[in-house]
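Here is how the chains run, residue by residue.
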4 protein chains.
Amino acid sequence: MRATDKSRTEALSDGIFAVAITLLVLQITVPQLPAGAANRDLVRSLLDQWPSFVAFLISFTTTFVLWVNHHGLFYLVRGVDRPFLFANGFVVMLVTFVPFPTAVLAHYLEGEAANAAAAFYCGTYVMINAGYNLLWHTAAHRRLVRPDIPQDRVKKIRLAYHAGFFVYLTATVAAWFSAWVGVAICCSLWPVWSLLHYGAAGDGKTQGREPGDRPE
Amino acid sequence: MRATDKSRTEALSDGIFAVAITLLVLQITVPQLPAGAANRDLVRSLLDQWPSFVAFLISFTTTFVLWVNHHGLFYLVRGVDRPFLFANGFVVMLVTFVPFPTAVLAHYLEGEAANAAAAFYCGTYVMINAGYNLLWHTAAHRRLVRPDIPQDRVKKIRLAYHAGFFVYLTATVAAWFSAWVGVAICCSLWPVWSLLHYGAAGDGKTQGREPGDRPE
Amino acid sequence: MRATDKSRTEALSDGIFAVAITLLVLQITVPQLPAGAANRDLVRSLLDQWPSFVAFLISFTTTFVLWVNHHGLFYLVRGVDRPFLFANGFVVMLVTFVPFPTAVLAHYLEGEAANAAAAFYCGTYVMINAGYNLLWHTAAHRRLVRPDIPQDRVKKIRLAYHAGFFVYLTATVAAWFSAWVGVAICCSLWPVWSLLHYGAAGDGKTQGREPGDRPE
Amino acid sequence: MRATDKSRTEALSDGIFAVAITLLVLQITVPQLPAGAANRDLVRSLLDQWPSFVAFLISFTTTFVLWVNHHGLFYLVRGVDRPFLFANGFVVMLVTFVPFPTAVLAHYLEGEAANAAAAFYCGTYVMINAGYNLLWHTAAHRRLVRPDIPQDRVKKIRLAYHAGFFVYLTATVAAWFSAWVGVAICCSLWPVWSLLHYGAAGDGKTQGREPGDRPE
């Protein structure tokens, strides 16, 4: 594997994230009303589509948070080898899959089959989480983690990924009893993944911000 | 947050803009004519699709202008932190959403429900404008604006964004009385966003153009 | 406009070209055969779709050649200003539009309405050619062309673009008499656009190839 | 051709790979059940869609492996000229085509027409392999291969590509007797393409990994 492979793998991954996140909107379909439909009818139809909007919102946010974590993880890695490359391929495959369970969730969230739809949706995140676990395990096992990264950060990230696996599994089971509870448990991890500490010592501070900078 | 995060956030945003702007054409569907349809029928069908073409034209132009402003805004920023990153995520989420109100507008612009369709379309830009306001507010509040940028430019941009919010709100209300007036008010801001001054002292002049350059 | 604007405008344009060229395949739809359909039926259905394959092939090649010329043109330019930026926006808007006339051509190439479909298809290239003319005119008029580019090359490119306009116009008219002749005239310009000379003195030779390099 | 052309050709190719690989999911459609469908019905419908999931999995993996090989091949090349550029255009055209045979395979894998669908799918890879053969032949013939690459590596890659052609041809023929055998033969080359040796002397080792690095 070559030095340029890391940046190219990131570039392909970013392209895939960008396309997958933009395709989410395609599951929201234009309401097909009869020819003489009035304003009131269109408004009601759009409001009736709320499960599509909710599913769009949840999937976009989740995929965006996945991207933030993907970058965090790659920041800690100094290079890629074939096993890491294929583990990353597994992760991005699941990311491109997200529009499908999102569409299923949007279509069935209001009906009798809401539990199955929500469980399928949550189950997808069990798989994605397994992908991130595999990716991080591969990085550690193949000694791809940058040597300046303290061991306890490596362990904390592994712990967070492991814990996430059980939370998503719980969500999938819970979805069989209440679709909304299952989906809510998935979303409850947003703050965790948003604040997970990957960065260098200066993380949390703005890069390039010196004390004494002109306040605004 | 790391030094590379700004360029990566830009790269993901650019990718999302590129995909979203290219998906707009998918709402224009091939006319389905009976088997023996003549040239005349196809021409008439294509002409009857004018609301789709208009909606495509307006949404493409608007999204392109949004991209120009997104770059202008990022030019003034020296780095990103998490709140800015998530404010940007909110903006690009709304950008990926644009194909849906565009399709609704194209489908209903000619019928009885034109007002609701246009109001929904304009309302989307109220949200997008709110996203840009949030992004710029976050940049200023978190001291992410480059120190060499004069304060009055920061204020002028904020003022333009605030004013835009009320114009889009007006458009949304006006659309309930006349769909076309609502949409026209949205488009009336194109010159404003196209000419909004973000750049360095040399803005408006071509970078790298010296006096004495060979005229053509 | 800033020094980075040229590369960013190129990056957005490349992203749009990549998405638009990949969406072309979506107009080829899976044949919907009755449940017990045999191998023979599927083969016949796929063969019956030949207009879709031809349209895909032609549009892909044309868009690819447009991309080659877009890069050639940008290579001759040392920076972008707002008029050039918006002229480029016009060009890429038409590039994103290509999947629609392609789908219309594929759908109607075999039927009675083939002339109208082909004329619409050729007419799209009249517009795209007009966009390239506008872009090159803007570059020359705004003095964005690199000073080391000889004047006669600027003129030759302008001449080729002007000539192209009349060829595409001829194709559009011809399509009304024979759909295939119209489309063939469009394709007849592929060699011209593929060989149009934009590059530096070393163009036509491989960059970095020295005499004395080990033959293979 | 200019020095920047190699990186731009790679960038466009990467963009096309990213979009094409992400569009694969669009062939998996949401099951349309009657209004009162229960959880059980949705689960059964999703399970009944297994050919779509299998086709998604196979096409994603294959396209990902194609991308890995595309990068390997470009790594060995020091520049691009027009014939190479157009040979690469032929390869990426076929890559954008992959979602269509994938959708056909998913739709017909279970029915009577499975053989035709599988043969069409395998036949696509015959074409793609021919594209890679053409690309590598062009690189060697036009002396675009980096001079530091030993001749026997060039020959080994050529041999692997030639052998692949006959394997895919065999798969296409075999698919007429058993759809699954045909598809399985295609997949049997994954390890070959995944392990094909393109890289520099350090290939197989992680770039930047020194002896004495802290084990984890």
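What you see is a predicted model; the values in this text were computed from it and never measured.

Novice: Explain the overall build of chain A to me, please; I cannot follow it from the model alone.
Specialist: A count of helices and strands for chain A gives 9 helices and 0 strands. In chain A, the succession of α and β elements from N to C terminus is α-α-α-α-α-α-α-α-α. Expressed as a percentage of its 216 residues, the buried residues of chain A come to 62%. Considering only intrachain contacts with a sequence separation of at least 6, the fraction spanning at least 24 residues in chain A is 79%. Looking at chain A as shown, the accessible area adds up to about 8400 Å², and 65% of this sits on carbon and sulfur atoms.

Novice: How should I be thinking about the relation of the copies chain A and chain B in this particular structure?
Specialist: The second copy of the chain is related to the first by a rotation about an axis and a shift along the axis. The transformation that overlays chain A on chain B combines an axial shift of 0.0 Å with a rotation of 90 degrees, and the residual RMSD is 0.0 Å. Overall, the copies show the geometry of a four-fold rotation axis. Little of the interface of chain A is mirrored in chain B, where only 4% of its interface residues again form contacts.

Novice: Can you help me understand the relation of the copies chain A and chain D in this one?
Specialist: Overlaying chain A with chain D gives an RMSD of 0.0 Å, the required rotation being 90 degrees about an axis along which the chain moves by 0.0 Å. Of all interface residues in chain A, a mere 4% are interface residues in chain D too; the two copies therefore contact each other through different surfaces.

Novice: Where do I start with the interface of chain A and chain B in this structure?
Specialist: How big an interface is tends to be stated in terms of accessible area lost as the parts join. On the chain B side, the residues contacting the 51 residues of chain A number 47 residues. For the pair chain A and chain B, the summed buried area comes to about 4200 Å², and 66% of that belongs to carbon and sulfur atoms. Here chain A and chain B share 1 salt bridge between them. Ionic pairing is found between Arg8(B) and Glu10(A), a salt bridge with its closest N-O pair at 2.7 Å. Where chain A touches chain B, the interface holds 10 residue pairs in polar contact (both at pLDDT 80 or more). Counting only elements with at least two residues in the side of chain A that touches chain B, the list comes to helix 1 (5-23), helix 2 (39-48), helix 3 (50-75) and helix 9 (190-195) of chain A. Grouping the constituent residues of the side of chain A that touches chain B by class yields 28 nonpolar, 15 polar and 8 charged.

Novice: When you look at the packing of helix 6 (residues 114-141) of chain C against helix 7 (residues 151-175) of chain C in this model, what are you seeing that I'm missing?
Specialist: When two helices pack together, their arrangement is given by the angle between the helix axes and by the axis-to-axis distance. Residue and element names in this part refer to chain C. Following both chains from N to C, one finds helix 6 and helix 7 inclined at 165 degrees, their axes separated by 8 Å at the closest point. As summarised for this structure, helix 6 and helix 7 are arranged roughly antiparallel, according to the angle between their axes. Helix-helix and strand crossings are classified by hand; for helix 6 and helix 7 the assignment is left-handed. Looking at side-chain class alone, the contact of helix 6 with helix 7 contains 17 nonpolar, 7 polar and 1 charged residues.

Novice: Help me understand helix 8 (residues 179-188) of chain C, please; the structure alone is not making it clear to me.
Specialist: Since there are 3.6 residues in each turn of an α-helix, residues three or four apart along the chain are aligned in direction. Listed as buried for helix 8 of chain C are Ala179(C), Gly182(C), Val183(C), Cys186(C) and Cys187(C). The buried residues of helix 8 of chain C occupy an angular sector of 135 degrees when the element is viewed end-on, so they sit on one face.

Novice: Sorry, what's going on with the packing of aromatic side chains here?
Specialist: The description of an aromatic ring pair rests on the distance of the ring centres and on the angle between the ring planes. The full count for this structure, using the stated rule, is 64 aromatic pairs over all chains. The interplanar angle of 70 degrees and the centroid separation of 5.7 Å between the aromatic rings of Phe64(A) and Phe86(B) together place this pair among those described as edge-to-face. Pair noted here: Phe64(A) is in helix 3 and Phe86(B) is in helix 4 (residues 82-97), and the two residues belong to different chains. A connected cluster of aromatic rings, assembled from ring pairs, spans Phe53(A), Phe56(A), Phe60(A), Phe97(B), Phe100(B) and Phe120(B). Between Arg146(A) and the ring centre of Tyr75(A), over which it is positioned, the NZ or CZ distance is 4.7 Å.

Novice: In this structure, what is going on with the interface of chain A and chain D? I would like to understand it.
Specialist: Chain A puts 47 residues into the contact, and the matching count from chain D is 51 residues. Buried surface at the junction of chain A and chain D, both sides included, amounts to about 4200 Å², of which 65% is carbon and sulfur. Remark: the boundary between chain A and chain D carries 1 salt bridge. In this structure, the connection of chain A to chain D is made through 10 residue pairs in polar contact (both at pLDDT 80 or more). At the level of secondary structure, the elements contributing two or more residues to the side of chain A that touches chain D comprise helix 1, helix 4 (82-97), helix 5 (99-108), helix 6 (114-141) and helix 7 (151-175) of chain A. Here the residues of the side of chain A that touches chain D are counted per class, giving 29 nonpolar, 8 polar and 10 charged.

Novice: What should I look at first to understand the side chain of Glu10(D) in this one?
Specialist: Tracing the chain through its elements places Glu10(D) in helix 1 (residues 4-23). Setting aside residues no more than four positions away along its own chain, Glu10(D) makes contact with Arg8(A), His71(D) and Phe74(D).

Novice: Even after reading the chapter, I still don't get the pattern of salt bridges, so can you show me in this structure?
Specialist: Pairing between side chains of opposite charge can happen when the charged atoms of each approach one another. All names here are of chain B. Tallying each qualifying case throughout the model produces 20 salt bridges over all chains. In this structure, Asp148 and Arg146 form a salt bridge, with 2.8 Å as the shortest nitrogen-oxygen distance. Among the residues examined, Arg146 registers a relative accessible area of 17% and is labelled buried.

Novice: What is the right way to read unusual backbone geometry from this model?
Specialist: A negative phi holds for most residues other than glycine; trans holds for most peptide bonds. Residues and elements named next belong to chain C. At Arg143, a residue that is not glycine, the phi angle is positive and equals roughly 55 degrees. With respect to the helices and strands, the residue Arg143 is situated in the loop between helix 6 and helix 7. Residue Arg143 is classed as partly exposed on the basis of its relative accessible area, which comes to 38%.

Novice: Which parts of the structure should I look at to understand the packing of helix 3 (residues 50-75) of chain B against helix 5 (residues 99-108) of chain B?
Specialist: Residue and element names in this part refer to chain B. Look at helix 3 against helix 5: their axes get within 8 Å of each other, and the N-to-C directions meet at 150 degrees. The angle between helix 3 and helix 5 falls in the class roughly antiparallel. Here helix 3 runs over helix 5; the crossing is right-handed. Facing helix 3, whose interface residues are Pro51, Ser52, Ala55, Phe56 and Ser59, helix 5 presents Thr102, Leu105 and Ala106. In the contact of helix 3 with helix 5, the residues fall into 5 nonpolar, 3 polar and no charged.

Novice: Please clarify how a nonpolar patch on the surface should be interpreted in this entry.
Specialist: Taken together, the side chains of Val43(A), Leu47(A), Val173(B), Trp176(B) and Phe177(B) define a hydrophobic patch exposed on the protein surface, amounting to about 540 Å² of accessible area. By the secondary structure assignment, Val173(B) is in helix 7 (residues 151-175). Overall, the relative accessible area of 49% leaves Val173(B) in the partly exposed class.

Novice: Which parts of the structure should I look at to understand the confidence of the model for chain A?
Specialist: Close inspection of predicted coordinates is inappropriate in any region flagged by low pLDDT. All names here are of chain A. Here chain A shows a mean pLDDT of 87. Residues at 70 or above account for 90%. Looking across chain A, the model is least confident in helix 9, with a mean pLDDT of 88, and most confident in helix 6, with 96. Overall, residues 200-216 carries pLDDT values under 50, and its contacts beyond four positions in sequence, including any with other chains, amount to 34 contacts. Here the predicted complex scores 0.89 on pTM and 0.86 on ipTM.

Novice: I would appreciate a short explanation of helix 4 (residues 82-97) of chain D in the present structure.
Specialist: Its 16 residues give helix 4 of chain D an end-to-end C-alpha distance of 23 Å, which sits within 8% of 22 Å, the value for a rise of 1.5 Å per residue. Within helix 4 of chain D, 13 of the 16 residues are buried, leaving the element largely enclosed by the surrounding structure.

Novice: Got a minute to help me understand the state of the cysteines in this structure?
Specialist: Covalent bonding between the sulfur atoms of two cysteines defines a disulfide. Taken as a whole and assessed by the stated rule, the structure comprises 0 disulfides over all chains. Cys187(B) takes part in no disulfide bond, and the closest cysteine sulfur, belonging to Cys186(B), lies 6.6 Å away. Between Cys186(C), a free cysteine, and Cys122(C), which holds the nearest cysteine sulfur, the sulfur-to-sulfur gap is 3.5 Å. Judged by its relative accessible area of 6%, Cys186(C) falls in the buried class.

Novice: What's the story with the environment of Leu195(A) in this structure? I'm lost.
Specialist: Relative to the helices and strands, Leu195(A) resides in helix 9. Along the sequence, Leu195(A) and Met93(A) sit 102 residues apart, while their C-alpha atoms lie 25 Å from each other.

Novice: Any chance you could explain the environment of Tyr168(D) here in plain terms?
Specialist: Residue and element names in this part refer to chain D. Within the secondary structure layout, Tyr168 lies in helix 7 (residues 151-175). We classify Tyr168 as buried; its relative accessible area is 6%. Each residue touching Tyr168, except ones within four places of it in the same chain, is listed here: Tyr125, Val126, Asn129, Cys186, Leu189 and Trp193.

About the cut-offs
- Residues numbered from 1 in each chain as written.
- Chains lettered and ligands numbered in written order.
- Predicted model: local features only at pLDDT ≥ 70, side-chain atom pairs only at ≥ 80, totals over all residues.
- Heavy atoms only, no water.
- Helix = DSSP H or I, 4+ residues; strand = E, 2+ residues; numbered from the N terminus.
- Buried < 20%, exposed > 50% of the residue type's maximum accessible area, 1.4 Å probe, protein only.
- Contact = heavy atoms within 4.5 Å.
- Areas by Shrake-Rupley, 256 points an atom, 1.4 Å probe, with all protein chains shown as cover.
- Least-squares fit on C-alpha atoms with pLDDT ≥ 70 in both.
- Buried area = accessible area lost by both parts, 1.4 Å probe.
- Salt bridge = Lys/Arg side-chain N within 4 Å of Asp/Glu carboxyl O.
- Polar contact = N/O pair within 3.5 Å; in protein donor to acceptor, adjacent residues only side chain to side chain.
- Nonpolar A, V, L, I, M, F, W, Y, C, P; charged D, E, K, R; others polar.
- Axes fitted to C-alpha atoms, helices over the stretch in contact; angles between N-to-C directions.
- Parallel < 35°, antiparallel > 145°, perpendicular 65-115°, else oblique.
- Left-handed = near helix turned anticlockwise from the far one by under 90°.
- Arc of directions from axis to C-beta.
- Phe/Tyr/Trp six-rings, centres within 6.5 Å; stacked < 30°, edge-to-face > 60°.
- Lys NZ or Arg CZ within 6 Å of the ring centre and 35° of its normal.
- Patch = residues over 30% accessible without salt bridge, like charges linked within 9 Å, V, L, I, M, F, W, Y side chains within 5 Å.
- pLDDT = per-residue confidence, 0-100.
- Expected span 1.5 Å × (residues − 1).
- Disulfide = S-S within 2.5 Å.

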